[in-house]
Amino acid sequence: MARLRDCLPRLLVTVRSLLFWCLVYCYCGLCASIYLLKLLWSIGKGPAQTFRRVAREHPPACLSDASLGTHCYVRIKDSGLRFHYVAAGERGKPLMLLLHGFPEFWYSWRHQLREFKSEYRVVALDLRGYGETDAPIHRENYKLDCLITDIKDILDSLGYSKCVLIGHDWGGMIAWLIAICYPEMVMKLIVINFPHPNVFTEYILRHPAQLFKSSYYYFFQIPWFPEFMFSINDFKALKHLFTSHSTGIGRKGCRLTREDLEAYIYVFSQPGALSGPINHYRNIFSCLPLRHHMVTIPTLLLWGEKDAFMEVEMAEVTKIYVKNYFRLTILSEASHWLQQEQPDIVNKLIWTFLKEETRKKD
């Protein structure tokens with residue numbers, strides 16, 4: 001009987017793990033089936049249109065706009081990868097490091113590059129696998145440990161020991177993890193539309209609505225098919241994310257210009273450009289939840305209430321994981337793409353947070 005009691009906790013953990021992975025793979029299969037039906041429907045309506053793809057040989061002029069900053073590259077010694085970033089503001093000023101989400105790249109921070117360069121050295125990074133940054137082939141090269149180490153090594157390579165760290169969406173996930181694992185590197189943490197990672201993993205298992213909104217996490221576990229689905233109809237899915245009424249930018253704020261949208265399509269239409277970004281998601285279920293999860297950095301969480309991918313309730317729960325000053329601001333009628341849609345409001349909120357004195361919670 002005593003032996004059974006000793007084995008019971010391990011048995012429960014094993015059963016829970018099996019149930020979790022059954023959920024993951026069953027939902028992967030369901031998502032793949034739905035997207036396959038969409039593909040067949042598109043082919044049935046017009047095969048020529050489905051497989052049409054416009055050649056894009058030259059980048060739009062907005063990607064070389066000098067007012068946004070200088071294009072730079074840094075090679076990390078340990079991994080050997082070359083990272084691309086755009087920097088604005090004088091060297092020697094405090095560092096503000098910007099981490100984009102999916103499917104974005106450095107350009108999603110164009111409004112912040114212009115705004116904060118007066119007082120900061122602002123660096124908008126292309127994450128591993130994105131844009132002009134090197135993209136390893138194997139999915140194992142995109143584990144969260146690798147992504148965290150990238151940011152640490154980039155900070156060292158830029159000659160800084162600390163930064164103001166700002167992340168949106170998947171970049172927000174990485175920002176949370178940096179603040180947890182390397183709190184000494186972060187002066188202040190600002191996250192846009194992504195909850196604490198543990199909140200996300202716990203909430204998604206208990207709330208079917210969030211499970212549905214995060215269906216792309218499961219779809220992305222499948223090899224090559226997600227990349228193909230993004231590319232059909234001349235990247236219609238990518239355009240839809242940024243412009244549709246349900247998920248796009250611009251309900252109440254700024255809209256993407258035609259040139260802005262073309263910049264995104266240009267970057268992700270390059271050969272192999274989608275595999276790296278999607279590989280970020282192909283390791284997530286083996287990395288979460290976290291063992292160490294408390295944040296001890298002053299934190300600002302900004303949230304668009306009409307986010308089509310994240311339930312707003314997760315923002316409220318996040319505060320229990322921050323053992324320091326924490327401020328949550330929810331913008332009504334704002335979407336997932338907050339820093340692009342409401343740049344003036346977002347920039348003002350960031351300035352206020354950066355300039356105010358914060359004290360640690362008891």
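Refer to the preceding data block for the structure.
Residues numbered from 1 in each chain as written. Predicted model: local features only at pLDDT ≥ 70, side-chain atom pairs only at ≥ 80, totals over all residues. Heavy atoms only, no water.

Chemist: Just checking my understanding: could you explain the sheet that holds strand E8 (residues 326–331) for this structure?
Modeler: In any sheet, the strands associate via hydrogen bonds between backbone groups, in a parallel or an antiparallel arrangement. The eight strands are arranged E1-E2-E4-E3-E5-E6-E7-E8 in an open sheet whose pairing can be described as mixed. Sheet topology places strand E1 (70–75) and E8 at the edges, where each strand pairs with a single neighbour. Here the strands of the sheet are splayed against their neighbours by 20° on average, with no regard to which way each runs. Two elements, strand E5 (residues 163–168) and strand E6 (residues 186–192), share six bridges in a ladder whose sense is parallel. Its bridge partner lying in E6, His168 is registered against Ile192. (Pairing = 2+ DSSP bridges. Helix = DSSP H or I, 4+ residues; strand = E, 2+ residues; numbered from the N terminus. Axes fitted to C-alpha atoms, helices over the stretch in contact; angles between N-to-C directions.)

Chemist: What is the right way to look at the packing of aromatic side chains in this model?
Modeler: The description of two aromatic rings rests on the distance between their centres and on the angle between their planes. The full count for this structure, using the stated rule, is 31 aromatic pairs. Taking 5.2 Å as the distance between ring centres and 40° as the angle between the ring planes, the aromatic pair formed by Phe200 and Tyr217 counts as tilted. Remark: Tyr217 occurs in helix H8 (residues 215–219) and Phe200 occurs in helix H6 (residues 197–206); sequence separation between them is 17 residues. Judged by relative accessible area, Tyr217 falls into the buried class, the value being 2%. Summarising the aromatic geometry, the rings of Phe220 and Phe230 are spaced 6.2 Å apart at their centres and angled 45° between planes, so their arrangement reads as tilted. With Phe220 in the loop between H8 and helix H9 (225–243) and Phe230 in helix H9, the pair connects residues that are ten residues apart, well separated along the chain. You'll find Phe220 and Phe230 in the same group, each marked buried. Geometry around Tyr35 places Lys38 over its ring, the cationic atom sitting 4.8 Å from the centre. (Phe/Tyr/Trp six-rings, centres within 6.5 Å; stacked < 30°, edge-to-face > 60°. Buried < 20%, exposed > 50% of the residue type's maximum accessible area, 1.4 Å probe, protein only. Lys NZ or Arg CZ within 6 Å of the ring centre and 35° of its normal.)

Chemist: Is there a simple way to think about the environment of Ser244 in this case?
Modeler: The topology assignment puts Ser244 in the loop between H9 and helix H10 (258–268). By relative accessible area, which is 12% here, Ser244 ends up buried. Placed 31 residues apart in sequence, Ser244 and Ser275 show a C-alpha to C-alpha distance of 24 Å.

Chemist: Explanation requested: the nonpolar core in the structure shown.
Modeler: Soluble globular proteins tend to bury their nonpolar side chains together. One finds Trp170, Leu189 and Tyr217 to be the most contacted residues of the largest nonpolar core, which totals 119 residues. The element that contributes the greatest number of residues to this core is helix H5 (residues 170–181), accounting for nine residues. If near-sequence neighbours (up to four positions away) are discounted, Trp170 is found in contact with His100, Gly101, Phe102, Leu127, Leu144, Leu147, Tyr217, His280, Tyr281 and Ile284. (Core = buried A, V, L, I, M, F, W, Y, C linked by side-chain atoms within 4.5 Å. Contact = heavy atoms within 4.5 Å.)

Chemist: What am I meant to see in the environment of Asn141 here?
Modeler: Topologically, Asn141 is positioned in the loop between strand E4 (121–125) and helix H4 (144–157). Since its relative accessible area comes to 28%, Asn141 is described here as partly exposed. For the pair formed by Asn141 and Arg128, sequence separation is 13 residues and the distance between their alpha carbons is 9.2 Å. The residues contacting Asn141, other than those within four sequence positions of it, are Arg128, Pro136 and Cys146.

Chemist: Looking at this model, I keep getting lost on the packing of H9 against H10. Mind explaining?
Modeler: The relative placement of two packed helices comes down to the angle between their axes together with the axis-to-axis distance. Across the interface, H9 lies against H10 with an axial gap of 10 Å and an inter-helix angle of 145°. Judged by the sense of rotation from one axis to the other, the crossing of H9 with H10 is right-handed. The segment H9 lies against H10, with Phe235, Leu238, Lys239, Phe242 and Thr243 engaging Leu261, Tyr264, Ile265 and Phe268. Partitioning the contact of H9 with H10 into residue classes produces seven nonpolar, one polar and one charged. (Left-handed = near helix turned anticlockwise from the far one by under 90°. Nonpolar A, V, L, I, M, F, W, Y, C, P; charged D, E, K, R; others polar.)

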